[in-house]
Amino acid sequence: MPVDLDAVADELYGLRPEEFVAARDRYAAQARTSGEQDLAREIAALRRPSLAAWAGNLLVRGLPDEVQPLLVLGEELRRAHREPDGPQLRLLARRQREVIGALGRQARRLAAEAGHPVGEGVQREVEETLHAVLADPEAAREWAAGRLVKPLGAAIGFPEADEAAVGRRPAPTPKPEPRPKAMRRGGGEQRRRQLAEARAEARDAERELRALRAEAADAEAKAEDAARRSAEAEERLRELREKARRVQEEQGRARADEQSARERARRADRDVREAGRRARAAAARVERLAEDAEE
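Residues numbered from 1 in each chain as written. Predicted model: local features only at pLDDT ≥ 70, side-chain atom pairs only at ≥ 80, totals over all residues. Heavy atoms only, no water.

Observations regarding the overall build of the protein chain
Point 1. Each helix and strand in the protein chain was counted, giving 11 helices and zero strands.
Point 2. Along the protein chain, from the amino end to the carboxyl end, the secondary structure elements read α-α-α-α-α-α-α-α-α-α-α.
Point 3. Here the protein chain holds 295 residues, and the buried ones make up 27% of them.
Point 4. Surface accessibility of the protein chain: about 19,300 Å² in total, with carbon and sulfur atoms responsible for 52%. (Helix = DSSP H or I, 4+ residues; strand = E, 2+ residues; numbered from the N terminus. Buried < 20%, exposed > 50% of the residue type's maximum accessible area, 1.4 Å probe, protein only. Areas by Shrake-Rupley, 256 points an atom, 1.4 Å probe, with all protein chains shown as cover.)

A look at the confidence of the model for the protein chain
Point 1. The share of residues in the protein chain with pLDDT of 70 or more is 75%, and the mean pLDDT across the chain is 80.
Point 2. Throughout residues 159-177 the model reports pLDDT below 50, and contacts reaching past four residues in sequence, or to other chains, amount to 19 contacts.
Point 3. In the model, residues 179-185 has pLDDT below 50 throughout and makes one contact with residues more than four positions away in sequence or in other chains. (pLDDT = per-residue confidence, 0-100. Contact = heavy atoms within 4.5 Å.)

Thoughts on the packing of aromatic side chains
Point 1. Taken as a whole, this structure holds one aromatic pair when the rule is applied.
Point 2. On the numbers, 5.2 Å between centres and 55° between planes, the contact of Tyr13 with Phe20 is tilted. The exposure classification of Tyr13 matches that of Phe20, with both residues buried. (Phe/Tyr/Trp six-rings, centres within 6.5 Å; stacked < 30°, edge-to-face > 60°.)

Focus: the packing of helix α2 (residues 17-33) against helix α3 (residues 37-44)
Point 1. In the contact formed by α2 and α3, the axes pass within 8 Å of each other and the chain directions differ by 170°. As summarised for this structure, α2 and α3 are arranged roughly antiparallel, according to the angle between their axes. When α2 is examined against α3, the residues Arg24, Tyr27, Ala28, Ala31 and Arg32 are found in contact with a partner set consisting of Gln37, Leu39, Ala40, Ile43 and Ala44.
Point 2. Across the contact of α2 with α3, the residue classes break down as seven nonpolar, one polar and two charged. (Axes fitted to C-alpha atoms, helices over the stretch in contact; angles between N-to-C directions. Parallel < 35°, antiparallel > 145°, perpendicular 65-115°, else oblique. Nonpolar A, V, L, I, M, F, W, Y, C, P; charged D, E, K, R; others polar.)

Brief notes about the pattern of salt bridges
Oppositely charged side chains may form a pair once their charged atoms are brought near each other.
Point 1. Enumeration over the complete set of coordinates arrives at 19 salt bridges.
Point 2. Note that Asp25 is salt-bridged to Arg24, the shortest N-O span being 3.3 Å.
Point 3. On the accessibility criterion, Asp25 (38% relative accessible area) is partly exposed.
Point 4. A salt bridge links Arg246 to Glu242; its shortest N-O distance comes to 3.5 Å. Placement of the pair is Arg246 and Glu242 together in helix α11 (residues 187-294), with a separation of four residues, close to one helical turn.
Point 5. For Arg246, a relative accessible area of 44% corresponds to the partly exposed category.
Point 6. On the accessibility criterion, Glu242 (28% relative accessible area) is partly exposed.
Point 7. Residues joined in a network through salt bridges with shared partners are Glu242, Arg245, Arg246 and Glu249. (Salt bridge = Lys/Arg side-chain N within 4 Å of Asp/Glu carboxyl O.)

Quick word on the side chain of Glu127
Point 1. Positionally, Glu127 belongs in helix α7 (residues 120-135).
Point 2. Lacking a salt bridge, the buried Glu127 has Arg105 as its closest oppositely charged neighbour, with an N-O distance of 5.9 Å.
Point 3. Leaving out residues up to four positions away in the same chain, Glu127 has contacts with Ile100, Gly101 and Gly104. (Lys, Arg positive; Asp, Glu negative; His and termini not counted.)

Structure below.
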């Protein structure tokens, strides 16, 4: 039966994380058996999602009606940041907090219903993913596909809106106190340079945060793999112990049967010897009687 990468990926990223590896390896083996070596390598390269990524994928799969409204809210927020409107920004920011909080709780509910409850730490990572979805169109597209491997880091501000604003006009600044002309000259350029430096630092910090989260997700995946292997080994050990117990019981019964049979054999041997003695005595008596009769 042909194996399709997209169909396999959709199925795998809908499974619980602890089920992912075994199912992926089965599909990769099936592709190899079918002679599709490139497809087998692509399937084998699929990474198991972290708990937070899996919970974020559950929202896309379990609440599809919530996906488009969240993407629309992100577009509205980015537009409001590009064209600052105080009242509208405050309204949208309130909606952002309400929607993300509600979806974070929904992710925990869906995870529990799927048989793998998660804690507050995972919920916070899901909420950070949703903040990234609202701020970054690329993150939004990645999340909407439902195949996250690790949670998305919340962006610092709204990068798309910030870049547009910088290209259009300098950021508004409060009215400065009177200063000497020499200090006032070049002040706007200095502020823009400081703002650019601060944004560069924020982007560097965000990249570092994403890298650390990726490392943490990888470590978590390896820990879950080890936990799964440990559980499987424990189950095999339990089965072997149960088998050994049954064998020991069978051995005990066999020994008891052996002892019983040997005892019966000893009794039978005694009975045979006693019967032989009686037979010999009877034969001797017959012989004596016969001799007496001849006399």
